[in-house]
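# Inside the fold
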Amino acid sequence: MTIWLSLCGAILVLAYLLGSIPTGYTVARLLKGIDIREVGSGSTGATNVLRTLGTGPGAFVLLVDCLKGVLAIVLVYWFFDFAPSQNFVPSTVNPQLWQPWMVTLAGLFALLGHSKSIFLGFTGGKSVATSLGLLLSLNWMVGLATAGVFGVVVAISRIVSLSSIVGAIAVPILMVLLHQPLPYVLFGVVGGLYVILRHSSNIQRLLAGTEPKIGQKVQVEAEPISEPTVNSAS
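Here is a short report on the structure shown in this document. Remember, it's a predicted structure, so these values are computed and weren't measured experimentally.

### Details of the layout of surface pockets
Estimates place the volume of the largest pocket at around 770 Å³. In this structure, the largest pocket is lined by 41 residues; those nearest its centre are Val-128, Ala-129, Phe-150, Val-160 and Ser-164. Residue assignment for the lining of the largest pocket shows that the elements contributing at least two residues are α3 (46-53), α4 (55-85), α5 (95-115), α6 (128-138), α7 (140-157), α8 (160-177) and α9 (182-198). Of the residues assigned to the lining of the largest pocket, the class counts are 18 nonpolar, 19 polar and four charged.

In structure tokens, the structure reads:
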């Protein structure tokens, strides 16, 4: 059992490291030689990259950050296919019961990695793109429906943060409506709340009426960086 728990722990660490890959930070460094955390909202996510560097870099960061979520879930599926063939699964463990919980935990660890990257002094993005990749991997219908909710709200409001918040609220509702297993529903609740908390500064600007819309050139003061030292080469 000790080996099994150690392997499960290693999978969660790898999911966190996948989420921690600093896509937006790296793209901004390579293209403009800037620290994206010191520009705009201070986030390393696709929206801040879009406002700072343009559509192409923003779309690239969105895609890669989404793939980080996909890979975190694929890693768990691979592990549960690989472990039985190597006799790593104890007789007391039912893989069919464990797998959805491990998927949920790996997803949450990937979200944590994206927003609190070990490579960026535990700073990062708002975890929206990574969440989409996770949802598409958990259940493609939930993922597409969430993207649809996001798309409708952004088309009406032209505000990405508001669309992300509404999408986060929709996730657990969609999980229940589509009869997803309890661990996935809990992922929707916990992950959704986490994404909303990551948007706390955006919520303040929304209430104040100062949140920028798509295409609006508004300079927003970057949030303070708790750890200025970066652990990866710039």
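Next comes the rest of the account.
### A short note on the pattern of salt bridges
Evaluated as defined, the whole model comprises three salt bridges. The residue Arg-37 makes a salt bridge to Asp-35 at a minimum N-O spacing of 2.8 Å. Among the residues examined, Asp-35 registers a relative accessible area of 8% and is labelled buried. The partner of Arg-205 in a salt bridge is Glu-211, with the nearest N and O atoms 2.7 Å apart.

### Quick look at helix α2 (residues 23-32)
Burial in α2 covers these residues: Thr-23, Gly-24, Tyr-25, Val-27 and Ala-28. Residues of α2 that are buried make contact with α3 and α4. Just downstream of α2 lies Gly-33, where phi reads positive at about 65°.

### Description of the packing of aromatic side chains
The full count for this structure, using the stated rule, is six aromatic pairs. Each ring, one from Trp-4 and one from Trp-98, has its centre 5.5 Å from the other, and the planes form 70°; the classification is edge-to-face. Taken together, the positions of Trp-4 in helix α1 (residues 2-20) and Trp-98 in helix α5 put the pair 94 residues apart, joining distant regions of the chain. Under the relative-accessibility criterion, Trp-98 is labelled partly exposed at 26%. A ring pair is formed by Phe-82 and Phe-88, whose centres lie 6.2 Å apart and whose planes are at 55°; its orientation type is tilted. Classification of Phe-88 by relative accessible area gives partly exposed; the value is 30%. Cluster of aromatic residues (ring-pair linked, three or more members): Trp-4, Phe-79, Phe-80 and Trp-98.

### What to know about α1
Compared with the 27 Å implied by 1.5 Å per residue over 19 residues, the 27 Å span of α1 between its first and last C-alpha is a close match. Listing the buried residues of α1 in full gives Trp-4, Cys-8, Ile-11, Leu-12, Ala-15, Tyr-16, Leu-18, Gly-19 and Ser-20. Contacts made by the buried residues of α1 are with α4 and α5.

### A closer look at empty space enclosed by the protein
Using a probe with the size of a water molecule, rolled over the atoms, empty space left in the structure can be pinpointed. If you walk through the whole model with that rule in mind, you get one cavity of 30 Å³ or more. A volume near 40 Å³ is recorded for the largest cavity. Forming the boundary of the largest cavity are Gly-19, Ser-20, Ile-21, Pro-22, Thr-23, Gly-24, Thr-44, Asp-65, Lys-68 and His-114. At the level of secondary structure, the elements contributing two or more residues to the lining of the largest cavity comprise α1, α2 and α4. Across the lining of the largest cavity, the residue classes tally to two nonpolar, six polar and two charged.

Calculation criteria
- Residues numbered from 1 in each chain as written.
- Predicted model: local features only at pLDDT ≥ 70, side-chain atom pairs only at ≥ 80, totals over all residues.
- Heavy atoms only, no water.
- 1 Å grid on protein atoms, 1.4 Å probe; cavity = no way out; pocket = protein on both sides within 12 Å on 5 of 7 lines; lining within 4 Å.
- Points joined across faces, edges and corners; volume = space filled by probe spheres on them.
- Helix = DSSP H or I, 4+ residues; strand = E, 2+ residues; numbered from the N terminus.
- Nonpolar A, V, L, I, M, F, W, Y, C, P; charged D, E, K, R; others polar.
- Salt bridge = Lys/Arg side-chain N within 4 Å of Asp/Glu carboxyl O.
- Buried < 20%, exposed > 50% of the residue type's maximum accessible area, 1.4 Å probe, protein only.
- Contact = heavy atoms within 4.5 Å.
- Phe/Tyr/Trp six-rings, centres within 6.5 Å; stacked < 30°, edge-to-face > 60°.
- Expected span 1.5 Å × (residues − 1).

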